[in-house]
Amino acid sequence: MQPIPQICYLKFRTILSLYFLIAFFSSEIESSLSIGAEGQAMVGYKRLSDAACEVKDTACKNLFSFVRETLLHWHGVLKDRFTKEFELVLKAIKWPFTNQTVHLPPASQEQLQRLDTLTQYLLQLTLPRGISAPPPSTPPPMPPITADFPQTTLPLQLLLRPLQVRFVYHFSSNKATNSREHPEWYLTRVLKWIEVHEDFLTKRIQPVLNRCGHQHSNAKIEFMSDLVRLVTLKLCEDLREIQYDDDLMCHTIQETLNFERELCHGFGYPASQPSVLAVLTRAQVFLRWIQIERKFALEVMDELVSGDDAWTTVEGGEAAHCGEELVLLLQGITDRYKRLPQPGHRLQFLELQLELLDDFRVRLVQVMKSEKRDPLASNYVAILNTAHHLSSLLQDWADLPFFVEMQYYAEQFQKLQEHHTASMISDHSRSSPITSPDDLSTFTCTSADLTRTPALNVEAMAKQDALSSLNCSKLSPTNEDLSDVEGSVFDSTVSLYGHLQTEMIRTLANYVVTEVRARSQPYRKDKWFSMEHNAKEPSPSFCPLLETLARHLATLRDTLHPLLFTQLWHIIADALNKFVYEEVILQNHFNEAGATQLQYDMFQGLFPIFGQFTQKPENYFKLIKESALLLTLGRATALLLRETIRAWRDDKESFSLNASPVKALAEHGVSLLLPEDADVILNIRTNMATL
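Positions within a chain are numbered from 1, following the residues in the order the chain's sequence is written. Whole-chain, interface and lining totals are the exception, using all residues; otherwise, since this is a predicted model, local features are given only for residues with pLDDT of at least 70 and side-chain atom pairs are given and counted only at 80 or more. Each side-chain value is derived from all of the structure's non-hydrogen atoms; neither hydrogens nor water enter the calculation.

Colleague: Help me understand the overall build of the protein chain, please; the structure alone is not making it clear to me.
Modeller: Under the scheme used here, helices are H or I runs from DSSP no shorter than 4 residues and strands are E runs no shorter than 2 residues, and both carry numbers assigned from the N terminus. On a plain count of helices and strands, the protein chain comes out with 26 helices and zero strands. Exposure is judged per residue with a 1.4 Å probe applied to protein chains only, and the accessible area is read against the type maximum: over 50% gives exposed, under 20% gives buried, and values in between give partly exposed. Burial status across the protein chain gives 43% buried among its 691 residues. By sequence separation, contacts in the protein chain at least 24 residues apart represent 77% of the contacts at least 6 residues apart. Note that accessible areas follow from Shrake-Rupley with a 1.4 Å probe, and for residues the cover is restricted to the protein chains shown. Surface summary for the protein chain: the accessible area is close to 36,700 Å², and the carbon and sulfur share equals 53%. By definition in these notes, contact holds between two residues if any of their heavy atoms fall within 4.5 Å.

Here is the structure:
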């Protein structure tokens, strides 16, 4: 027989000594457990685990297999032993806690100390990387929606087990509590469990995790996360059955959102953890959610606009009842979707809100057209106030951080959609054969035709691809990104409401001016050229005009929003300024008494009505003011001024800037009227007409 080489002999002795060492560790664990020295047994288990790590990557496969089987054996034995005792201690301290637990005698210090020790042992029962215990039976496949939920530590699994059993018993069986009509039953139950056990997890379990090197683990969050997983599975099951029942679907979604809000705000559940909202954003469920939101919102708007109190207002200038209710409707939608994790889903809800706002604007236009015949005695002003209120509110919302972020995502979505559209058209162009306009057998649509072909709806496909890309993006915008955002998501809507406001304000102004003009016929026909007495009171023919104007302005001031009313009276003042100038002044001749009467009517009758809204109303009637100044100038001064104007008109080149009639007019307070216009005004003075 050939002698064994020295190196092989040494390897054989080393391997054999390792076998004996593993057997010694195993015997040490067994003897320690037999005398109740669990701490010593855990020391032996740690040595055995370290040995497995050392031989795992060697070529000694049989040795590693022996170490692995030995380690798994003792892992199972220790796990079963500690698990059983852990569960007994939980029963002794009345775990899981209930509302009545607080009235029972507190657990003994010995029981709590034993629970800490067992928790520590269970945490130490970890297997080296690459070694895992085979499951006792083939576990059922878990739904993909639970793939993101992290694995909880062993002590937390044992703490959660009785709660999982209760959840399944009450909400996944034939019990009356398993009611799809009442999702709030299991949602509030889970929240109650978190509330009752929060203090124990934080003050009793978390310190043990920290001592055992599991500072990265948060007992409370792991506890909540596993309960959220139960709720997620339950929601998936229920939504499959109720997704075509609008009322139940709506109720379940609202309760789920309330649960998520309470979980995060009330118990500090991190946004980085898996959420029940993932159930609501699954494609089929999310599509139904959007459909239901749109359906119910449109039904609510129908009721709002057609209700008996639709256009009533609490205070002047405020939005009508239907406008206030629309704001509440939009806020409710925002509250429901603002916590959705994917920006693409939030953008689709934002698109729905913009659709609703535009639909409401169209309804306002329809109602407005039926009310514009008599705007002061109808709901016209309430409609205008409502449009203004919504426009102002949207501008305020645009500055909120949430909608600034939505504008950022809208810009990203637009870029992605354009990119996907261009790619699809380019791909289609490359795949299309060369065609001849004269050969029908080779004819095919061009890339330009592609976007117009319903069967190849590139825009819709590009939109879906862009939304998917946006949802897959995990990056959140930085402060610098948000500062670069231009415009807002409401710009186009605010612009449309602004056009509506402008049109309605001009309609109101035209109505008031028309009412005033209708009462101006006697005033325009007064014999200004033959008046004899100096003015001491307004012309009798001017009083009906002033009364109508003052009454309408007072009504509008009390009912219109202040900003709208300011725009309105500016327009009315400008229209009256031109009307009096063109229809009264330029169409008549004035003697001195007539000119004085006109000046009195304007300065003491018309201007004071607008003096309630501004300190210098005459600045809004410059044509009237300057015409009255020229009509009441002294005759000699007026003659000299007219001569200057005529000389300038006949020989403009010989006049310097200082001697121009513009400067001469300015010296008399006339800055708006051109020299030609001033000459016309001077010529309608009866004491100058024949000269």
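Colleague: How do you make sense of the packing of aromatic side chains when you look at a structure like this?
Modeller: Think of a pair of aromatic rings as described by two things: how far the centres are apart, and how the planes are tilted against each other in angle. Between rings of Phe, Tyr and Trp, where Trp is taken as its six-membered ring, a pair exists when centres lie within 6.5 Å; planes separated by under 30 degrees are stacked, by over 60 edge-to-face, and by other angles tilted. The tally for this structure, following the rule as stated, stands at 28 aromatic pairs. Ring geometry for Trp397 versus Phe403: centroids 6.1 Å apart, planes at 10°, classification stacked. The pair Trp397 / Phe403 is uniform in exposure class, with both members buried. Every member of this aromatic cluster is reached through a ring pair, and the members are Phe286, Trp289, Tyr337, Phe349, Trp397, Phe402, Phe403 and Phe490. Put simply, a charge is over a ring when the Lys NZ or the Arg CZ is close to the ring centre, within 6 Å, and near the line of the ring normal, within 35 degrees. The ring of Phe402 carries Lys338 above its face, with NZ or CZ at 5.5 Å from the centroid.

Colleague: I keep staring at the environment of Ala52 and nothing clicks. Help me out?
Modeller: Structurally, Ala52 is set in helix H2 (residues 38–55). Accessibility expressed as a relative area gives 0% for Ala52, which makes it buried. C-alpha of Ala52 to C-alpha of Val67: the two residues are 15 residues apart in sequence and 5.9 Å apart in space. Residues within four places of Ala52 in sequence aside, it is in contact with Phe64, Val67, Leu71 and Ile131.

Colleague: What am I meant to see in the packing of helix H4 (residues 109–124) against helix H6 (residues 183–211) here?
Modeller: A packed helix pair is summarised by two numbers, namely the angle formed by the two axes and the spacing between the axes. Helix axes are fitted to C-alpha atoms over the stretch in contact, other axes to C-alpha atoms as well, and angles between N-to-C directions run from 0 to 180 degrees. Remark: H4 packs on H6, axes separated minimally by 9 Å, with the N-to-C direction vectors making an angle of 45°. When the interaxial angle is binned, H4 and H6 end up oblique. With respect to the hand of their crossing, H4 and H6 are arranged in right-handed fashion. In contact with Gln109, Leu112, Leu115, Asp116, Thr119, Gln120 and Leu123 of H4, H6 contributes Phe200, Arg204, Ile205, Val208, Leu209 and Arg211. Oblique is the label for every angle not falling under 35 degrees (roughly parallel), over 145 degrees (roughly antiparallel), or within 65 to 115 degrees (roughly perpendicular). Each crossing gets its handedness from the near helix: less than a right angle anticlockwise from the far helix is left-handed, clockwise is right-handed.

Colleague: Sorry if this is basic, but what is going on with unusual backbone geometry here?
Modeller: Here the amide bond leading from Trp95 into Pro96 is cis, since omega sits at -5°, within 30 degrees of zero. Summarising the element assignment, Pro96 is placed in the loop between helix H3 (61–92) and H4. A positive phi is found at Lys94, a non-glycine position, where the angle reads about 65°. Its location among the elements puts Lys94 in the loop between H3 and H4. Under the relative-accessibility criterion, Lys94 is labelled partly exposed at 47%.

Colleague: Please clarify how the confidence of the model for the protein chain should be interpreted in this entry.
Modeller: Predicted coordinates in areas of low pLDDT are best not read in detail. Per-residue confidence for the protein chain gives a mean pLDDT of 85, with 87% of residues at or over 70. Overall, residues 1–12 carries pLDDT values under 50, and its contacts beyond four positions in sequence, including any with other chains, amount to one contact. Every residue is assigned a pLDDT by the predictor, reflecting its confidence on a scale from 0 to 100. Scored below 50 in pLDDT, residues 434–456 shows 19 contacts in the model against residues more than four places distant or in partner chains.

Colleague: What exactly am I supposed to notice about the side chain of Asp601 here?
Modeller: As for its placement among the helices and strands, Asp601 is situated in helix H22 (residues 592–610). Buried charged residue Asp601 carries no salt bridge. Nearest counter-charge: Arg524, at 13 Å. Note on charges: Lys and Arg go in the positive column, Asp and Glu in the negative column, and His and the chain ends are not counted at all. Within this document, salt bridges are pairs made up of a side-chain nitrogen of Lys or Arg and a carboxyl oxygen of Asp or Glu, the two lying within 4 Å of each other.

Colleague: I tried to follow the pattern of salt bridges on my own but got confused; where do I start?
Modeller: Opposite charge on two side chains lets them pair, provided their charged atoms get close. Overall, the coordinates contain 29 salt bridges when judged by the stated rule. As a salt-bridge pair, Arg339 and Glu260 come within 3.3 Å of each other at their nearest N and O atoms. Of this pair, Arg339 sits in the loop between helix H11 (321–337) and helix H12 (343–371) while Glu260 is found in helix H8 (residues 246–267), placing the two residues 79 residues apart along the sequence. Using a relative accessible area of 28% as the deciding quantity, one classes Arg339 as partly exposed. Take Glu260: its relative accessible area is 5%, and that puts it in the buried class. Of the charged contacts, one joins Lys578 and Asp574 as a salt bridge, the two residues approaching to 3.6 Å between their closest N and O atoms. Pair noted here: Lys578 and Asp574 are both in helix H21 (residues 562–585), with a separation of four residues, about one helical turn. Classification of Lys578 by relative accessible area gives partly exposed; the value is 39%. Its relative accessible area of 37% is what places Asp574 among the partly exposed residues. Several salt bridges share partner residues, and in doing so they unite Glu38, Arg81, Glu85 and Arg114 into one network.

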